[in-house]
Structures are given as structure tokens and as C-alpha cells.
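Working through the structure, step by step
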Amino acid sequence: MLTAFFAMVRKDLLVYFTDRRAVLITILVPFAMASFMGAVTGGSGGRSKISVLVVDQDGSPLSQKIGQDLGADENLELQRSSEAEATELVKRGKASVAVVIPSGFAKRAPKAFFAGGEKPELTLLYDPSDAAELAMARGILIQHVMQSVSQEAFSGQGGLAAVQEMLGDLDQNTAMNGDTKDTLRRLLTTVMDLNTTTTTTTDKPAAGGLTLPYTTREVAVFAGESRNYNGYSHSFAGMTVQFLLFLSIELGGTMLLERQRGLWRRLRAAPLSRGAVLASRTVSGAFLALFISTLLFAGGRLLFGVAINGSFLGFVLIAVAFALTSATFGLFLATMAKTQQAMRGGATFAVLVMTMLGGAWLPAFLFPPWMQTATLFAPTRWAMDGFDAMTWRGLGLEQALAPTAVLLGFAALFGVLAVLRFRWTE
Amino acid sequence: MLEAKSLYKRFGELVAVDGVSLTVGKGESLGLLGPNGAGKTTTISMLTGLIAPDRGQVLLDGQEVRSDTDARKQKLGLVPQELALYEELSAQENLRFFGALYGLNGATLSRAIDAALELVKLADRRKDPVKDFSGGMKRRINLAAALLHNPQLIILDEPTVGVDPQSRNAIFENIEALKANGCAILYTTHYMEEAERLCDRIVIVDQGKVIADDTLRGLYARLPTQNRLRIELLAPADAALQARLRALSSVRSVTLLSSALLSVELEAVEALSTVVVGLNDHGATITHLETERPTLEAVFLALTGKRLRDP
């Protein structure tokens with residue numbers, strides 16, 4: 001019996017590896033897709049910068065200072081531009097956001113800072129497909145504009161002139177009651193004294209102005225030592241999961257084709273148990289799945305630094321468990337139709353849905369809460385969570401146990417269903 | 001060595017096999033003859049354990065095959081109607097796989113592969129992928145794959161479908177060599193000439209039922225006596241000659257097949273001399289004379305009232 005069992009496993013592997021072109025495609029296509037998706041979702045470390053255009057229509061020291069500060073921000077990649085050019089570039093998706101600083105900004109902004117009045121309007125042109133980047137750019141802009149305008153108000157020549165003008169206007173103001181006028185006059189006089197002091201004691205405006213009352217330090221949190229997030233880790237796990245399920249379709253299709261070609265008549269005529277026939281398929285399928293997983297992760301490691309930062313044993317357990325799941329899923333698919341052609345359409349759809357729900361394309365944390373719960377019924381979700389945990393999250397063996405157990409459960413379920421449903425005759 | 005008792009199989013409303021019984025003795029070659037759809041392949045499937053009969057029994061050396069792994073299955077070799085081969089693999093790899101299914105390995109398997117390839121005369125193509133073979137060569141490898149474990153009974157399900165005459169002849173020679181080595185053969189076909197050439201005994205099935213089970217001679221004996229002469233003359237047979245023959249009391253009919261070729265049906269074979277004398281008296285010279293031979297086609301026609309193959 002063992003001779004026959006190993007012969008069946010060997011034959012499956014021989015048939016697979018005979019078509020070298022197909023083998024190459026099986027490896028190269030997921031590798032290429034994982035590389036692309038990894039690059040799109042963050043690459044191998046660091047954060048991507050937001051592309052921002054600055055249109056300075058004011059040309060004042062204040063507007064130039066704002067431009068310099070924005071350019072020095074590590075989150076932004078700044079370019080100067082005209083309004084027409086900026087509009088065109090944002091429209092074509094070449095830049096995410098453009099900031100238009102209008103003429104007269106330096107004159108009106110410090111005044112508006114204290115007494116309201118006519119506020120200058122900063123226009124933000126943005127690409128609607130990059131709304132998230134607009135929010136981020138807006139936050140960064142507020143920080144730098146507040147700092148520069150307040151600095152100008154408290155220590156710059158423009159600020160001094162604005163305060164003096166506001167004091168003059170205050171005397172003319174008949175709408176404001178006397179107490180309020182007195183209070184505001186004292187404030188403006190104090191600001192003018194401060195401004196005068198700083199501009200006469202230093203060559204340049206004092207650093208500071210109003211700043212955020214806190215600073216932030218952003219630390220990516222991993223288990224163990226801190227390291228950079230590698231977007232390729234998730235994408236290689238995702239494409240491994242997706243293409244192992246495509247391998248399942250191939251395995252199921254091959255079984256149906258063999259039955260159509262009469263090969264099962266020979267197998268059944270030999271003194272072999274049905275269990276041995278299906279088990280040999282499971283072993284050969286799982287071996288091929290492991291072979292593909294190993295090559296993909298090894299390639300990811302060599303070219304993109306995809307690393308198993310968590311438990312290596314945990315990673316192996318998850319890889320083996322998912323290889324078995326995909327192998328028995330292939331057997332199960334072979335029970336779903338009479339012919340290979342009939343099976344392929346439905347199976348491809350099912351695989352794509354499972355891949356999507358498993359978080360292989362987009363991480364599951366982006367899903368709405370109900371979907372995050374619902375997708376726990378998909379084996380792909382457990383495989384993805386497990387691979388993520390063992391690679392970039394760097395978690396320990398104990399975090400691999402639940403995904404491994406669930407995946408083995410799915411493997412057993414598909415295997416039992418295949419045994420119960422498989423049609424042994426044409 | 002193989003005995004089927006009252007096999008019955010229904011697929012939905014269709015009764016595919018209806019009470020088929022047959023036996024194949026050691027070293028015997030049995031033909032299972034019938035038109036397409038007669039139930040031959042379903043019968044073979046039950047005999048080899050591929051499907052279970054709804055009723056009836058299959059005995060191998062007097063005992064039922066009880067499970068998928070029953071060691072008695074080693075005594076059977078199946079040649080399916082389909083080209084049941086892995087086209088991507090070489091002939092040798094195919095045989096290595098099918099031999100291993102019966103537990104062969106190592107030197108035993110290598111020797112069995114060599115012998116099978118020698119028998120089907122494809123030893124020099126052993127390393128070529130099967131997909132590069134002609135249809136006839138594939139059929140021969142299909143046969144070889146059933147021989148590796150040295151079965152005592154080989155069951156061939158229409159093994160010459162779609163094969164050119166030369167390859168068909170090669171397959172016949174292979175089967176005759178197996179017969180000569182004492183191997184029992186169960187051969188299904190709807191080609192009468194194949195059954196006539198290869199089989200000691202023939203079971204004729206139609207619409208799932210056995211309608212005859214006999215030796216070739218026994219089947220021919222079931223036909224009404226055929227006393228028909230085919231006579232070829234040196235010169236064309238004129239109307240006067242035909243009238244003279246028809247006038248003989250022992251002649252039932254005279255048919256002109258071509259200008260100098262006649263078919264003459266006699267009352268009895270003893271009337272042969274009367275016809276020859278009559279032709280001599282008329283001055284006609286006989287260049288060739290033969291009695292017409294009965295065929296399985298005629299047997300099938302006589303038993304069922306229909307032809308074995310569509311014209």
C-alpha cells in the first residue's frame with residue numbers, strides 16, 4: 001500500500017513539474033503581484049510623503065516663511081507652482097494637494113489673528129481620490145500657518161504695523177463698548193511692547209510665536225524590538241494565500257480531468273482504498289503549496305526584506321496548516337461539478353471572494369466592524385492574521401496556535417466533505 | 001476464474017445491464033460482443049469492481065471481491081476504453097506509476113516495464129512523452145499498463161477504438177501472445193472480425209441482456225443452413241444460362257452479382273454436382289467456386305433482427 005501511496009504522490013509532483021512554463025508562471029505571477037502591492041502599500045520601510053504644491057500669490061516674507069516651513073516638514077514633498085499649473089497637476093493626479101496663499105495674506109492674517117475682521121482665505125485644491133491626504137495636509141498646514149502668523153504678530157514688522165493700525169481703528173470704533181475697548185487696547189499695547197522689544201533686541205524675529213502646546217513622537221509598535229513596518233510582508237502573505245487557492249482549483253481540476261480521461265478506472269481497478277487515493281492527493285497538493293509558499297517568502301526575503309520577525313516555528317505551522325487547507329479545498333472543489341470546465345468558473349469566483357474577505361488585498365482592519373467579525377468564517381482570514389502575526393508583527397508561537405488550529409479544522413472539514421461527496425465513477 | 005451471476009444495474013430509468021451471467025475460465029478468451037449502448041462497459045465496470053451491481057454477484061476464483069483493497073484484484077488487469085495515460089509523462093514513467101499501484105517496485109518493477117515495452121514493441125520510445133505518440137502507440141501503452149503485475153485475466157474494453165489497421169494488427173498480435181502465455185482474456189468489442197479472430201467463446205449482449213453464449217462454431221450452427229454458392233465464370237453468364245440453372249429442381253434462386261459472377265442458393269449442399277454439370281452442359285467454364293461463409297454479423301442479425309453496427 002505504501003508503494004502505491006508514494007507512487008501516487010510522486011506522479012502528481014512529476015506531472016506538475018513536467019510543465020516548467022506553468023511552474024514558472026505559478027511562481028512569477030504571485031511574486032510580481034506581491035511586489036507591486038507591497039510597493040503600493042508602503043514598501044519596505046519609512047512613510048511615503050504627501051505631494052503638496054504651494055502657490056504663493058502674496059510673495060511676502062510671511063508667505064515665504066510658511067512655504068519654507070512646509071518644505072522642511074518630513075511628511076511633505078513640496079513644490080512651488082502657479083495656480084493654473086497646480087490646478088492641472090492636481091486634476092491629473094500628479095499632486096495630492098495644492099495650497100494657494102492669496103495676495104495680501106501677510107497684511108490681513110496678523111490682524112485677523114487678534115480682532116477677527118476680514119480673514120484671508122487659503123485655498124486647498126485636492127485630488128478627490130486622495131481625501132485622506134487632504135486631511136493630513138490640512139493639519140500640517142494649520143500647524144505651520146499658526147506658528148508663522150503668530151510669530152509675525154508678536155515679533156515681525158508686519159505684525160507691529162498691524163497692531164498699530166488696529167489700535168488706531170479701535171479709537172474709531174463706536175460699536176464696541178468702553179470696557180471691551182480698554183481691555184483690547186491693553187492687550188494690543190502689550191503685544192506692541194513685546195514686538196518692539198524683540199525686534200530691537202534681535203536681528204530677526206524671535207523664534208516661536210504660538211505653537212502647539214505639545215509635540216508628538218510616532219513609534220510603530222511591534223512585538224520585541226522596534227523595527228520598520230514592511231508593506232511587502234503583508235502583500236507576500238496575501239498573494240501566497242490567493243495563489244495557493246488558485247492551486248486548489250488546479251488540483252481539483254486535474255482530478256476531474258483524470259476522471260474524464262478514464263484514469264480513475266485504472267486507479268479503482270487496482271487494490272487501493274479510496275482513502276489512500278484522496279490522501280495521496282492531499283499530500284502532493286500540500287507539498288506543492290508549501291513549495292510555492294517557501295519560494296514566494298524566500299524571494300520576498302531576498303529582494304524586499306520580508307522577514308519572519310516572530311516565531312519561525314509558528315510561521316511553519318501556519319504555512320503547513322494552510323497548505324493542507326488548500327489541498328483539501330482542491331479535493332472539495334472536485335466534488336462541486338462533473339467536469340473541470342464546469343468547476344472552474346464558480347471556483348475562481350469563490351477563491352477571489354475568500355481572498356478579498358481574508359484581507360489578502362486590503363488589511364482586515366480596514367473592514368467595518370461587522371465584516372471583521374463575519375470574515376472569521378473564512379480560512380483565508382486566519383491564514384492572513386497568522387502570517388501577519390509571524391512576519392511583520394513579530395509575535396510569538398502562542399499567537400500562531402489559534403490560526404493553525406482553525407486552519408487544520410478547515411482542512412479536516414473540506415477533506416470530510418470531499419470524501420462524502422466525491423463521485424468515483426464518470 | 002471469473003464468474004458473473006445475474007448482474008443487474010439501473011441508472012435512473014435506464015436498465016443498463018439486465019441479468020447478465022458469464023464465466024471466463026483459466027486461459028480462456030471470451031468475447032463480449034454487442035452494439036454501442038448494449039451494456040458492455042457497465043458489465044466490465046461491475047466485473048472489475050468499479051461500480052457495484054444493484055443485484056447479482058461477481059466471483060473471482062469462486063469468491064466475491066469484498067473491498068477496494070482486496071488482494072484478489074491483483075489477478076485482474078484492466079485496459080479501459082479511454083486512453084487512460086498521463087500524456088505529460090514518458091511511457092516509462094506511466095508504466096512505473098501503474099505498476100506501483102499493484103505494489104511493484106525496484107528491480108521487479110523495472111523488469112516488468114521492460115517486458116511490457118518489449119511486448120508492445122515500444123522499448124525504443126520508453127523515454128518519450130506519451131503526448132508525442134501516435135494514436136496506435138498510445139493504445140499499445142494503454143495495453144502495456146495493464147500487464148505489469150502479470151494478471152491472470154486481462155479485461156480489454158474496446159481496445160482498438162480509433163486505431164489504424166496497422167496498429168490494430170499489432171494489438172491483435174500482442175493479445176495473441178498473451179493468450180499463448182496462458183493469460184485469460186475478456187474482450188469487449190462491436191467489431192465482429194476482432195471477436196472472430198481473438199475469442200474462443202463469445203457472449204452476445206443486446207439491450208443489457210445476454211442473447212447468446214457459445215463458441216464461434218456453436219453460434220454459426222444457430223444460423224439457418226447456408227447453402228449458397230458463389231460462382232465465377234470465364235465468360236459472361238447469359239440469360240439462357242441463368243434460366244437453365246433456375247430450371248434445376250435443387251436450385252432455389254440464382255442472382256447475377258456481375259456479368260460473370262453468380263450467387264446460387266441450393267436446396268441442399270448435395271445439389272452442388274448438379275449445378276456444376278448443368279454449367280458444363282451449357283458450355284460455361286468455371287474459373288472460381290466457393291461456398292459463402294457465415295459471419296457473426298449474420299448471427300447477430302438472426303438473433304436480434306438488427307445489424308450489429310450502423311451501416
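The following refers to the structure shown. (Residues numbered from 1 in each chain as written. Chains lettered and ligands numbered in written order. Predicted model: local features only at pLDDT ≥ 70, side-chain atom pairs only at ≥ 80, totals over all residues. Heavy atoms only, no water.)

1. Considerations on the interface of chain B and chain A
Much of the literature gives interface size as the accessible area that the parts lose upon coming together. Stated precisely, the cut-off is as follows: Between two residues, a contact is recorded if the distance between any of their heavy atoms is within 4.5 Å. For any pair of parts, buried area is found by adding up, for both, the accessible area (1.4 Å probe) each one loses once the two are put together. Under the rule applied, a polar contact is a pair of N or O atoms within 3.5 Å (in protein, one hydrogen donor and one hydrogen acceptor; residues adjacent in sequence only if both atoms are side-chain atoms). The helix count covers DSSP runs of H or I at least four residues long, the strand count covers runs of E at least two residues long, and both are numbered beginning at the N terminus. As a working rule, the residues Ala, Val, Leu, Ile, Met, Phe, Trp, Tyr, Cys and Pro are called nonpolar, Asp, Glu, Lys and Arg charged, and the rest polar, with Gly in that last group.
Taken together, the contact between chain B and chain A spans 36 residues of the former and 27 residues of the latter. Interface of chain B and chain A: buried area, both sides summed, is about 2700 Å²; carbon and sulfur atoms make up 60% of it. It is Leu 50, Tyr 86 and Leu 101 of chain B in chain B that bury the most area against chain A; as a group they hold 24% of the surface buried on that side. The interface formed by chain B and chain A holds 15 residue pairs in polar contact (both at pLDDT 80 or more) in total. Elements represented by at least two residues in the side of chain B that touches chain A include exactly helix H1 (40-47), strand S6 (76-79) and helix H2 (91-100) of chain B. When residues of the side of chain B that touches chain A are assigned to their parent elements, the largest contribution, five residues, is made by H2 of chain B. The residue inventory of the side of chain B that touches chain A, partitioned by class, reads 18 nonpolar, nine polar and nine charged.

2. Focus: the sheet that holds strand S7 (residues 153-157) of chain B
All names here are of chain B. Where we set the bar: Strand pairing is assigned whenever DSSP detects at least two bridges linking the two strands. Fitted lines through C-alpha atoms give the axes, limited to the stretch in contact for helices. The angle between two N-to-C directions lies from 0 to 180 degrees.
Taken in spatial order, the six strands make up an open sheet running S6-S7-S8-S3-S9-S10, and their pairing is mixed. Every other strand in the sheet has two partners, leaving S6 and strand S10 (209-215) as the edge strands with one partner each. Between one strand and the next, the sheet's axes are offset by a mean angle of 15°, whatever the strand orientation. Bridging between S6 and S7 involves four bridges; their strand directions are parallel. Counterpart to Leu 76 in the pairing with S7 is Leu 153. Together, strand S3 (29-33), S7 and strand S8 (184-189) form the strand contacts of helix H5 (residues 165-180), whose direction differs from that of S8 by roughly 150°. Packed on one face of the sheet, helix H10 (residues 296-304) meets S3, strand S9 (201-206) and S10 and runs near 45° to S9.

3. Examining the pattern of salt bridges
Close approach of charged atoms lets side chains of opposite charge pair. We apply this condition: Should a side-chain nitrogen of Lys or Arg be within 4 Å of a carboxyl oxygen of Asp or Glu, the pair is scored as a salt bridge. Buried, partly exposed and exposed residues are distinguished by accessible area as a fraction of the type maximum, computed with a 1.4 Å probe on protein chains only: under 20%, between the cut-offs, and over 50%, respectively.
Evaluation of the coordinates by the stated rule reveals 31 salt bridges over all chains. Note that Glu 258 of chain A and Lys 11 of chain A form a salt bridge whose closest N and O atoms lie 3.5 Å from each other. Here Glu 258 of chain A, found in helix H9 (residues 231-260), pairs with Lys 11 of chain A, found in helix H1 (residues 2-18); they are 247 residues apart in sequence, far enough to count as distant. Taking relative accessible area as the criterion, Glu 258 of chain A reaches 4% and is therefore assigned buried. Close ionic contact of Lys 138 of chain B with Glu 87 of chain B constitutes a salt bridge, the shortest N to O distance being 3.4 Å. Taken together, the positions of Lys 138 of chain B in helix H4 (residues 135-144) and Glu 87 of chain B in the loop between S6 and H2 put the pair 51 residues apart, joining distant regions of the chain. With a relative accessible area of 13%, Lys 138 of chain B lands in the buried category. Connected via shared salt-bridge partners are Lys 11, Asp 12, Glu 258 and Arg 281 of chain A.

4. A few points about the packing of aromatic side chains
Quick reminder of the rule: Paired rings are identified among Phe, Tyr and Trp, the last through its six-membered ring, by centres lying within 6.5 Å, and are further divided according to the angle between planes into stacked (under 30 degrees), edge-to-face (over 60) and tilted (the rest). Lysine and arginine charges are scored as sitting over a ring when NZ or CZ, respectively, is within 6 Å of the ring centre and within 35 degrees of the ring normal.
Taken as a whole, this structure holds 19 aromatic pairs over all chains when the rule is applied. Put simply, the rings of Phe 31, Tyr 232, Phe 236 and Phe 304 of chain A touch in pairs and so form one group of aromatic residues. If you follow Arg 266 of chain A out to its NZ or CZ, it ends over the ring of Phe 98 of chain B, 4.9 Å from the centre. When the ring centre of Tyr 191 of chain B is taken as reference, the NZ or CZ atom of Arg 168 of chain B above it lies at 4.5 Å.

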